[in-house]
Amino acid sequence: MSLKQEQDELWEHLRSENAMVADAPSRKIGMPHATPFSVSFPIEEDGVFTMVEIDIDQVPRFVQGLIDELPRAVALGAKATADLATYDAICKAMGQ
């Protein structure tokens with residue numbers, strides 16, 4: 001079995017377990033799972049596959065970083081949505 005086939009099987013397995021964080025053709029991210037001395041998760045970006053490992057002692061810090069950045073990410077998303085709506089309104093007003 002080729003490495004690509006193994007990766008495809010991994011993604012299919014994660015889908016069947018509802019263990020995908022992102023599942024698009026250009027970006028796939030699997031949920032984390034325990035490995036010896038670390039927590040790891042698979043990522044595929046534009047066809048490039050990698051397994052990210054975070055040492056056990058760094059996992060709480062990483063998780064806290066995700067939690068801390070969530071409100072900022074939500075605010076940035078809201079601003080981007082508002083900017084796009086403004087742009088669309090301007091284009092419509094200009095007949096574009």
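Residues numbered from 1 in each chain as written. Predicted model: local features only at pLDDT ≥ 70, side-chain atom pairs only at ≥ 80, totals over all residues. Heavy atoms only, no water.

### Brief notes about the pairing of strand β1 (residues 20–24)
Here is step 1 of the chain: As paired strands, β1 and strand β2 (residues 27–30) are joined by four bridges and run antiparallel to one another. The partner of alanine 24 across the bridge, within β2, is arginine 27. (Pairing = 2+ DSSP bridges. Helix = DSSP H or I, 4+ residues; strand = E, 2+ residues; numbered from the N terminus.)

### Side note on helix α2 (residues 59–93)
Here is step 1 of the chain: Between its terminal C-alpha atoms α2 stretches 50 Å, which fits the 51 Å expected from 35 residues at 1.5 Å a residue.
Here is step 2 of the chain: The principal kink in α2, of about 35°, is found at leucine 70, preceding the proline proline 71 by one to four residues.
Here is step 3 of the chain: Within two residues after α2, glycine 95 carries a phi angle of roughly 75°, on the positive side. (Expected span 1.5 Å × (residues − 1). Bend = angle between axes of the 7 residues up to and from the residue.)

### Describing the nonpolar core
Here is step 1 of the chain: In this structure, Ala22, Ile29, Phe41, Ile43 and Ile54 together form the largest nonpolar core, which totals five residues.
Here is step 2 of the chain: The contacts of alanine 22, once residues within four sequence positions are left out, are Arg27, Lys28 and Ile29. (Core = buried A, V, L, I, M, F, W, Y, C linked by side-chain atoms within 4.5 Å. Buried < 20%, exposed > 50% of the residue type's maximum accessible area, 1.4 Å probe, protein only. Contact = heavy atoms within 4.5 Å.)

### Concerning unusual backbone geometry
Here is step 1 of the chain: Even without being glycine, asparagine 18 reaches a positive phi, approximately 55°.
Here is step 2 of the chain: With respect to the helices and strands, asparagine 18 occurs in the loop between α1 (3–16) and β1.
Here is step 3 of the chain: A relative accessible area of 69% means that asparagine 18 is categorised as exposed.
Here is step 4 of the chain: Non-glycine residue phenylalanine 37 carries a positive phi angle of around 70°.
Here is step 5 of the chain: By secondary structure assignment, the location of phenylalanine 37 is in the loop between β3 (33–35) and β4 (38–45).

### What about the side chain of serine 40?
Here is step 1 of the chain: In this structure, serine 40 sits in strand β4.
Here is step 2 of the chain: Among the residues examined, serine 40 registers a relative accessible area of 2% and is labelled buried.

### A look at the side chain of glutamate 44
Here is step 1 of the chain: Tracing the backbone through its elements, the reader meets glutamate 44 in strand β4.
Here is step 2 of the chain: You can call glutamate 44 buried: its relative accessible area is 5%.
Here is step 3 of the chain: Looking at glutamate 44, its side chain comes within polar contact range of the side chain of tryptophan 11, at 2.9 Å.
Here is step 4 of the chain: Look past the residues within four positions of glutamate 44 in its chain and what remains in contact with it is Lys4, Gln7, Trp11, Ser26, Arg27, Lys28 and Phe49. (Polar contact = N/O pair within 3.5 Å; in protein donor to acceptor, adjacent residues only side chain to side chain.)

### What to know about the pattern of salt bridges
Here is step 1 of the chain: Scanning the model with the defined rule gives six salt bridges in all.
Here is step 2 of the chain: A salt bridge links aspartate 8 to lysine 4; the shortest N-O distance between them is 3.1 Å. Separated by four residues within a single helix, aspartate 8 and lysine 4 lie in helix α1, roughly one turn from each other.
Here is step 3 of the chain: The exposure class assigned to lysine 4 is partly exposed, which follows from its relative accessible area of 44%.
Here is step 4 of the chain: Across the pair glutamate 12 and arginine 15 runs a salt bridge, and its minimum N-O distance is 2.7 Å. Taken as a pair, glutamate 12 and arginine 15 lie in helix α1 at a separation of three residues, close to a single helical turn.
Here is step 5 of the chain: Judged by relative accessible area, which is 48%, glutamate 12 ranks as partly exposed. (Salt bridge = Lys/Arg side-chain N within 4 Å of Asp/Glu carboxyl O.)

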